[in-house]
Amino acid sequence: MAKRAALGLYKDALAAATAVDNLKQNRFTDGEIDILSGTPYPEGAFGEHHIGHKLFVFPFIGAACGFSVGLLLTLGTQLSYPMVTGGKPILSVPPMAIIMYEGTMLGAILFTILGILFESRLPRVRRSVYDGRITEGYVGVRVECEPQRFDAALNALRQAGADDVKFDNQPGLATT
Amino acid sequence: MQERVQLSDAQINRELLSGVLHTPMWFWGLVLLLGAVVGVGVLAAGVLIYFGVGVLGLNRPVFWGFLITNFVFWVGISHAGVMISAILRLTQAEWRRPVTRAAEVLTIFALSTAALFPLIHTGRPWRALYWVFPYDFSRGIWPNVRSPLIWDPSAIFTYLTGTILFVFIALVPDLGMIRDRTAGWRHKLYSVLSLGWEGNPRQWRLQAVAGILLSALILPVFVSVHSIVSWDFGMAIAVETWHATVFAPYFVIGAVHSGVSAVVTIMALLLWIFKLKNYIRPDHFDALGRLLVVVATAWLYFYVLDFFFGMYSLEPQELENRTLIMFQWPMSFLFVLFALASYLIPIPLWLSKKNRRNIPLMFWSSILVNIGMWLERFQIIVPGLLRKQAFTFTWANYSPTIVEIALVTASFALVGFGLLMFSKFFPLIPVWEQKEGQLLKDDVQVGRARVPGLVHD
């Protein structure tokens, strides 16, 4: 069954944290609750669970790939065109190390970017309920749940003193 | 940072996104002016390509002149972004917030402009592809990786790619803000660019980690780029006066000196043009000024070191080169100008806090530094080549032609044009970082003083 989404908007971060508490008391799980803000709040400001990630693995994989490409490029091109220049050996390690170093760093940076996007779950294609006021200072608490628990979610959001509550079948809904 | 004013999120949005959402008339005037100067540069490049390198003032033995000087200069300027941004992010320096993006974007445009110059300098830019990129395998000929001229493109490509991605990742939350404030095609464009950003805790957490991780990755690249540029000279067998082991750190610290000075110039321009007095304050110039005093003095140390190494070895080429630079007209004039502009005038000025907080003074003195640093690169490159040869027919003087002067002038307009166009589509001060600074600012009573406290996770 398709899930329904509701978004409560709060001027105050504490009210948003209360909304999250209300939802949890009504047995909504962390996976069903999302907190949206235009500003990075310190971790745990809304009582949300610790966010784990494996971003630090990505640069190492990228560095290994970049190093390999750099090594293959410098080895391959010199062996394919074995012309002695400047009296240096065909496989001259110091210049190879420079290209390999740049390749390693480029690989690490590219994979880090991919890691950031992957771990941030971006790009986000599926549209859900959203409001532009979030980037104006409001904090949004969004719940996505089964239709039979939807009323409980709306009540929990309103009880925390939401300035506005929007939900997914509302006409003219602002979405991302 | 004791001077911040309390700003609401709506006010920060309104003030920092005004350049993106509204276009004042002066913007188009400036675009036209800078565009015209860039157009002159394009014309000069066309003349060079059509008539060949004979239109440049180069002649044996001076084969590198204004264009390569300008290349080194702009690579140096490009070191501002990462130096400022990465180090300040890693150390969580609070005053970084309004400075980082302008510095990073300056890196992008300065580096792109720098990369144009060796290509233009060849006179046949398309042929550079044969030398640089490993694609011409049909003839079995590959680029010579033993040449420093191949190391340069690999370093610049890595640095430019890394910086663009660094800027983009930090820009995503701001793109989401612009998306929420636009309609029609602009809304669609920013929706795509913001990648569906919503600002949930996971995205913010990753954004914070990304800033630190990318800073740590890009700093070694930043050091490598100007080291490699210095090896274009240091590893050249034929020019004895370039054989200096201190060239790599000397170039890197010189790049930071000119780059951070360029950031001061840009910050002052941003403040005046976009009226951002709530964000760019005298204390930012004070902090940058203090940093510059340290950086400039470190640079002076390497300059003196390079000078003494040359003198102490008593190599005739070194002695001849220093005599040419310091005592023979017009090089002696340029030397005095360089010494005054790059260190002797600005640094004593910046020792005073009052002067560091005087924004017009900082603006003009930072420009002075970059005049000096441009001349420094010229003095490294041209006098080193301009030495007496065994036969008089292989010994000529160097003076730039109008084509070279036009290209160098256009490069400044091109960087300005790039920054201006960027400011039309993206905020030059990170909006979300400003909001974070406001959020984490909470006054703390210390004795009888109330000072802003800041917490970081």
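Please refer to the structure placed before this passage.
Residues numbered from 1 in each chain as written. Chains lettered and ligands numbered in written order. Predicted model: local features only at pLDDT ≥ 70, side-chain atom pairs only at ≥ 80, totals over all residues. Heavy atoms only, no water.

A.B. asks: Would you mind showing me how to read the overall build of chain A here?
C.D. replies: On a plain count of helices and strands, chain A comes out with four helices and four strands. Seen in sequence order, chain A has helices and strands lined up from the N terminus as β-α-β-α-α-β-α-β. Taken over C-alpha atoms, the radius of gyration comes to 25 Å for chain A, far larger than the 16 Å a tight globule of 176 residues would show. The principal-axis extents of the C-alpha atoms in chain A amount to approximately 80 × 30 × 30 Å. Residue burial in chain A is summarised as follows: out of 176 residues, 47% are buried. Pairs at least 24 residues apart make up 80% of the contacts formed inside chain A by residues separated by at least 6 positions. (Helix = DSSP H or I, 4+ residues; strand = E, 2+ residues; numbered from the N terminus. Rg over C-alpha atoms; globule rule 2.2 N^0.38 Å. Buried < 20%, exposed > 50% of the residue type's maximum accessible area, 1.4 Å probe, protein only. Contact = heavy atoms within 4.5 Å.)

A.B. asks: What exactly am I supposed to notice about the environment of glycine 39 of chain B here?
C.D. replies: Residue and element names in this part refer to chain B. Structurally, glycine 39 is set in helix α3 (residues 25-51). Glycine 39 sits in the partly exposed class, given a relative accessible area of 35%. For the pair formed by glycine 39 and valine 172, sequence separation is 133 residues and the distance between their alpha carbons is 32 Å.

A.B. asks: Explain the packing of aromatic side chains here, please?
C.D. replies: The geometry of an aromatic ring pair is captured by the separation of the ring centres together with the interplanar angle, meaning the angle of the planes. The final tally for this structure, using the stated rule, is 37 aromatic pairs over all chains. Aromatic side chains phenylalanine 66 of chain B and phenylalanine 378 of chain B sit 5.8 Å apart centroid to centroid with 90 degrees between the ring planes, which places their arrangement in the edge-to-face category. Taken together, the positions of phenylalanine 66 of chain B in helix α4 (residues 66-77) and phenylalanine 378 of chain B in helix α17 (residues 359-385) put the pair 312 residues apart, joining distant regions of the chain. Taken as a pair, phenylalanine 66 of chain B and phenylalanine 378 of chain B share a single burial class, namely buried. For the ring pair tryptophan 272 of chain B and phenylalanine 363 of chain B, a centre distance of 5.0 Å and an interplane angle of 70 degrees mean the geometry is edge-to-face. Of this pair, tryptophan 272 of chain B sits in helix α11 (residues 247-274) while phenylalanine 363 of chain B sits in helix α17, and the two are 91 residues apart along the sequence. For tryptophan 272 of chain B, a relative accessible area of 37% translates into the label partly exposed. Taken together, the aromatic side chains of Trp64, Phe233, Trp242, Phe247, Tyr250, Phe251, Trp299, Tyr303, Phe335 and Phe338 of chain B make up a single cluster linked through ring pairs. Across the ring face of tyrosine 138 of chain A, the terminal group of arginine 133 of chain A is positioned such that the distance to the ring centre comes to 5.7 Å. (Phe/Tyr/Trp six-rings, centres within 6.5 Å; stacked < 30°, edge-to-face > 60°. Lys NZ or Arg CZ within 6 Å of the ring centre and 35° of its normal.)

A.B. asks: Please clarify how helix α12 (residues 282-312) of chain B should be interpreted in this entry.
C.D. replies: For an α-helix, the turn length of 3.6 residues means that residues three or four places apart are oriented alike. A rise of 1.5 Å per residue sets the reference length of α12 of chain B, with its 31 residues, at 45 Å; its end C-alpha atoms lie 44 Å apart and thus fit the reference within 8%. Just downstream of α12 of chain B, leucine 314 of chain B is the residue with a positive phi angle, here 55 degrees. (Expected span 1.5 Å × (residues − 1).)

A.B. asks: Just to check I follow, could you spell out the interface of chain A and chain B for this structure?
C.D. replies: The figure often quoted for interface size is the accessible area lost as the parts come together. Chain A puts 58 residues into the contact, and the matching count from chain B is 53 residues. If you sort the residues of chain A by the area they bury against chain B, Pro40, Glu102 and Ile109 of chain A come out on top, with a joint share of 12%. Between chain A and chain B we count five salt bridges in total. Residue arginine 124 of chain A is joined to glutamate 198 of chain B by a salt bridge in which the shortest nitrogen-to-oxygen separation is 3.2 Å. (Buried area = accessible area lost by both parts, 1.4 Å probe. Salt bridge = Lys/Arg side-chain N within 4 Å of Asp/Glu carboxyl O.)

A.B. asks: Mind showing me how you'd approach the nonpolar core here?
C.D. replies: Nonpolar side chains tend toward joint burial in soluble globular proteins. Grouped together as the largest cluster of nonpolar side chains are 156 residues, with contacts concentrated most on Leu106, Phe233, Trp242, Val263, Phe285, Ile381 and Leu407 of chain B. In contact with isoleucine 381 of chain B, other than residues within four places in its own chain, are Trp64, Ile68, Thr69, Val72, Phe233 and Trp242 of chain B. With 23 residues, the next largest nonpolar core counts Ala6, Ala15, Phe28 and Ala160 of chain A among its residues. (Core = buried A, V, L, I, M, F, W, Y, C linked by side-chain atoms within 4.5 Å.)

A.B. asks: Even after reading the chapter, I still don't get the packing of helix α6 (residues 100-122) of chain B against helix α8 (residues 148-179) of chain B, so can you show me in this structure?
C.D. replies: Relative placement of two packed helices is described by the angle separating their axes and the distance separating the axes. Residue and element names in this part refer to chain B. The N-to-C vectors of α6 and α8 enclose an angle of 150 degrees; their axes lie 10 Å apart at closest approach. With respect to α8, the axis of α6 lies roughly antiparallel. α6 and α8 meet at a crossing whose hand is left-handed. Seen from α6, the contacting residues are Arg101, Glu104, Val105, Thr107, Ile108, Leu111, Ser112 and Ala115; seen from α8, they are Ile156, Tyr159, Leu160, Thr163, Ile164, Phe166, Val167, Ala170, Leu171 and Asp174. For the contact of α6 with α8, the per-class residue count stands at twelve nonpolar, three polar and three charged. (Axes fitted to C-alpha atoms, helices over the stretch in contact; angles between N-to-C directions. Parallel < 35°, antiparallel > 145°, perpendicular 65-115°, else oblique. Left-handed = near helix turned anticlockwise from the far one by under 90°. Nonpolar A, V, L, I, M, F, W, Y, C, P; charged D, E, K, R; others polar.)

A.B. asks: Could you clarify how one ought to interpret the packing of α6 of chain B against α11 of chain B in this entry?
C.D. replies: All names here are of chain B. It is the contact of α6 with α11, at a shortest axis distance of 10 Å, that shows an interaxial angle of 120 degrees. Relative to α11, the element α6 is oriented oblique. Crossing hand, α6 versus α11: right-handed. Note on element contacts: α11 touches α6 through Ala262, Val263, Ile266 and Leu270, opposite Ala102, Ala103 and Leu106. Counted by class, the contact of α6 with α11 contains seven nonpolar, no polar and no charged residues.

A.B. asks: I would appreciate a short explanation of the pattern of salt bridges in the present structure.
C.D. replies: Side-chain pairs of opposite charge can arise whenever the charged atoms involved come near each other. Residues and elements named next belong to chain B. Scanning the model with the defined rule gives 27 salt bridges over all chains in all. For the salt bridge of glutamate 104 with arginine 89, the shortest nitrogen-to-oxygen distance reads 3.0 Å. One end of the pair, glutamate 104, is in helix α6; the other, arginine 89, is in helix α5 (residues 79-90), and 15 residues separate them in sequence. Taken individually, glutamate 104 and arginine 89 each receive the classification buried, so the pair is uniform in this respect. Here aspartate 180 and arginine 179 are joined by a salt bridge, their closest N and O atoms 3.0 Å apart.

A.B. asks: Looking at this structure, how should I read the environment of lysine 424 of chain B?
C.D. replies: All names here are of chain B. Note on placement: lysine 424 falls in helix α18 (residues 402-425). Expressed as a C-alpha distance, the spacing of lysine 424 and threonine 107, which sit 317 residues apart in the sequence, is 18 Å. Residue contacts for lysine 424: discarding those within four places in its chain leaves Gly19, Val20, His22, Thr23, Phe27 and Arg186. Of note is the side chain of lysine 424, whose polar atom sits 2.9 Å from the side chain of threonine 23. (Polar contact = N/O pair within 3.5 Å; in protein donor to acceptor, adjacent residues only side chain to side chain.)

A.B. asks: Is there a simple way to think about the sheet that holds strand β1 (residues 4-10) of chain A in this case?
C.D. replies: Through backbone hydrogen bonds, the strands of a sheet pair up, either in parallel or in antiparallel fashion. All names here are of chain A. Read from one edge to the other, the open sheet built from four strands follows the order β2-β3-β1-β4, with strand pairing classed as antiparallel. In the strand order of this sheet, the two ends are held by β2 (33-37) and β4 (164-167), each with one partner. Going across the sheet, the axis of each strand differs from the next one's by a mean of 20 degrees, ignoring polarity. In the sheet, β2 pairs with strand β3 (residues 139-145) via five bridges, with the strands oriented antiparallel. The residue bridging isoleucine 35 from the neighbouring strand is valine 141, located in β3. Seen against the sheet, helix α1 (residues 13-25) touches β1, β2 and β3 and runs at an angle of roughly 15 degrees to β3. (Pairing = 2+ DSSP bridges.)

A.B. asks: Which parts of the structure should I look at to understand a nonpolar patch on the surface?
C.D. replies: All names here are of chain B. A grouping of Ile49, Trp126, Leu129 and Phe133 is seen on the molecular surface, where their side chains present a nonpolar patch of about 380 Å² in accessible area. Here phenylalanine 133 lies in the loop between α7 (128-132) and α8. Given the relative accessible area of 45%, phenylalanine 133 is considered partly exposed. (Patch = residues over 30% accessible without salt bridge, like charges linked within 9 Å, V, L, I, M, F, W, Y side chains within 5 Å. Areas by Shrake-Rupley, 256 points an atom, 1.4 Å probe, with all protein chains shown as cover.)

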